[in-house]
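Spelled out from the first residue to the last, the chains are:
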Amino acid sequence: MGTTSFTKKTLGLETVEPAVTPPSVTNNTTFAKKPKLAQAKSKKREIPEGLWTKCPSCSSMVFDKELDENLKVCPHCQHHFPIGARQRICSLIETAGFQERDADLQSVDILNFTGVSSYTSKLQEYQRTTGLKDAVITGTAQLGEFQTALGVMDFSFLGGSMGSVVGEKLARLIEHATANRLPLIIISTSGGARMYEGMFSLMQMAKTCAALAYHAKARLPFLSVLTHPTMAGVMASFASVGDLILAEPGAMIGFAGPRVIKDTTQAELPPGFQTAEFLLDHGLIDSVVPRKEMKSRLIEYLKFLAPVPKAPPSSNGTP
Ligand SMILES: [Zn+2]
């Protein structure tokens, strides 16, 4: 009798029907066979994480390795994914040709700012997860035939926000470029000024632009490259005062976000508002340059604008 009731129960479970026969209180075998149910559940095939990325533009699945080799550009629709500062420097500069400057500058919590968590703990968290000290890397490098001052921002560090360290590193880079008669390239990506530092972050707008004014006065070129997104305090300061302003395709560029503008003006915004392509049409930027062409295009522009590199010492007597 006990065996019959067990068989009925198993059949009921396999066909996903409720057990018809209540378990016999005196029969122990009913419980002994139960684990079979758990085995049937775990037959789902799982895709390992971190191998594929879904393109937000064309929805195709892209193999991560292929995406990395393609400079984080979707091979199907040319959507430009965010790229870290170090990876971007590698895409522009010959291996080991980058000499980083002020690598150890770190932000301090001058206001003792505490929101959901303290500014100090935020800084520590982002330093740990990104391997960066702050949201910009600066240095000098050989780009084509030109020794160049290069600053590259990284959105993954606190939204690429500009605090005292970002401003100071950029200002020092610009001053170094002026003193050594180097062309300057800054690749921006930022949500704006770093509000954890209050007014100190806003002061960086004036500081970077003042340094750039001396750089311009020395008749040296500054190429500003805007990548997705470049907004607010960064766009309202150094990023928008380049001799040439370039942008990556599809990059969101502006001061206030579209929702704020729409609410303030009560007007319907035109399609593509605040994209690189829209701003090219309206004259704010000079060219939209795909990431894979960026290096060759920058070298091309430097040929027109940069001071002629010093010629190697030739035979004496020539003026
Ligand atoms: Zn795509």
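Fair warning: this is a prediction, and the values are worked out from it, not measured in the lab.

A separate point is the overall build of the protein chain. Counting secondary structure elements, the protein chain contains 12 helices and 9 strands. A total of 319 residues make up the protein chain; the buried ones form 38% of that total. Contacts in the protein chain between residues at least 24 apart in sequence constitute 66% of all its contacts with a sequence separation of at least 6. Surface exposure of the protein chain reaches about 18400 Å², of which carbon and sulfur atoms provide 59%.

Note on placement: Cys 58 falls in the loop between strand 1 (52-54) and strand 2 (61-63). Of the residues examined, Cys 58 reaches a relative accessible area of 32% and is grouped as partly exposed. Distance in space between the C-alpha atoms of Cys 58 and His 79 is 8.2 Å, their sequence separation being 21 residues. Aside from chain neighbours lying at most four places away, what touches Cys 58 is Cys 74, His 76 and Cys 77.

Scanning the model with the defined rule gives 5 aromatic pairs in all. Aromatic side chains Tyr 126 and Phe 157 sit 5.9 Å apart centroid to centroid with 55° between the ring planes, which places their arrangement in the tilted category. Of this pair, Tyr 126 sits in helix 6 (residues 119-130) while Phe 157 sits in the loop between strand 5 (146-153) and helix 7 (164-179); the two residues are 31 residues apart in sequence, bridging distant segments of the chain. With a centroid separation of 5.8 Å and an interplanar angle of 70°, the aromatic rings of Phe 273 and Phe 278 are classed as edge-to-face.

Mean pLDDT over the protein chain: 84, with 81% of residues reaching 70 or higher. Low pLDDT, under 50, characterises residues 1-19; the stretch is placed with 11 contacts to residues that sit more than four places away or in other chains.

Most of strand 6 (residues 184-190) is tucked away: 7 of the 7 residues are buried. The side-chain alternation of strand 6 yields two buried faces, one formed by Leu 184, Ile 186, Ser 188 and Ser 190 and the other by Ile 185, Ile 187 and Thr 189. Pairing between strand 5 and strand 6: 4 bridges, direction parallel. In the sheet register, Gly 151 faces strand 6, and the bridge partner there is Ile 186.

With that out of the way, let us pick up the nonpolar core. One finds Leu 184, Ile 185, Leu 226, Phe 238, Ile 253, Ile 285 and Leu 298 to be the most contacted residues of the largest nonpolar core, which totals 60 residues. Excluding anything up to four places from it in sequence, Ile 285 contacts Leu 226, Ile 245, Ala 247, Ala 276, Leu 279 and Leu 280. Residues Cys 55, Val 62, Cys 74 and Phe 81 belong to the second largest nonpolar core, which totals 5 residues.

Our focus in this paragraph is the coordination of the zinc ion. Taken together, the protein ligands of the zinc ion are Cys 55 (SG), Cys 58 (SG), Cys 74 (SG) and Cys 77 (SG), with distances of 2.2 to 2.3 Å. In this structure, the zinc ion is surrounded by 4 donor atoms whose angles at the metal cover 107 to 111°, and the resulting shape is tetrahedral. Along the chain, the residues that donate to the zinc ion are spaced as C-x2-C-x15-C-x2-C. With Cys 58 in the loop between strand 1 and strand 2 and Cys 74 in the loop between helix 4 (64-69) and helix 5 (85-92), this pair connects stretches of sequence that are 16 residues apart.

On inspection of all chains with the given rule, the structure shows 12 salt bridges. Residue Lys 65 is joined to Glu 69 by a salt bridge in which the shortest nitrogen-to-oxygen separation is 3.3 Å. Here Lys 65 and its partner Glu 69 are both found in helix 4, 4 residues apart, which amounts to about one turn of the helix. Overall, Lys 65 belongs to the exposed group, its relative accessible area being 53%. Salt-bridge contacts for Lys 207 lead to Glu 168; the nearest nitrogen and oxygen are separated by 2.7 Å. With Lys 207 in helix 8 (residues 199-217) and Glu 168 in helix 7, the pair connects residues that are 39 residues apart, well separated along the chain.

Residue Pro 229 is bonded to the preceding His 228 through a cis peptide linkage, with omega at -20°. Topologically, Pro 229 is positioned in strand 7 (residues 222-230). Positive phi, normally seen in glycine, also occurs at Ala 232, with a value near 55°. Mapped onto the elements of the fold, Ala 232 is located in helix 9 (residues 232-235).

Here we come to the pairing of strand 8 (residues 244-247). The alternating pattern of strand 8 places Leu 244 and Leu 246 and Ile 245 and Ala 247 on opposite faces, both of which are buried. In this sheet, strand 8 lies alongside strand 7 in parallel orientation, the contact comprising 4 bridges. Counterpart to Leu 226 in the pairing with strand 8 is Ala 247. Relative to strand 9 (residues 287-288), strand 8 is paired through 2 bridges, and the arrangement is parallel. Across the sheet, Ala 247 pairs through a bridge with Val 288, a residue of strand 9.

Procedures and definitions
- Residues numbered from 1 in each chain as written.
- Predicted model: local features only at pLDDT ≥ 70, side-chain atom pairs only at ≥ 80, totals over all residues.
- Heavy atoms only, no water.
- Helix = DSSP H or I, 4+ residues; strand = E, 2+ residues; numbered from the N terminus.
- Buried < 20%, exposed > 50% of the residue type's maximum accessible area, 1.4 Å probe, protein only.
- Contact = heavy atoms within 4.5 Å.
- Areas by Shrake-Rupley, 256 points an atom, 1.4 Å probe, with all protein chains shown as cover.
- Phe/Tyr/Trp six-rings, centres within 6.5 Å; stacked < 30°, edge-to-face > 60°.
- pLDDT = per-residue confidence, 0-100.
- Pairing = 2+ DSSP bridges.
- Core = buried A, V, L, I, M, F, W, Y, C linked by side-chain atoms within 4.5 Å.
- Donors = N, O, S within 2.8 Å, 3.2 Å for Na, K, Ca; no water.
- Tetrahedral: all angles 85-135°; square planar, octahedral: opposite > 155°, others 65-115°.
- Salt bridge = Lys/Arg side-chain N within 4 Å of Asp/Glu carboxyl O.

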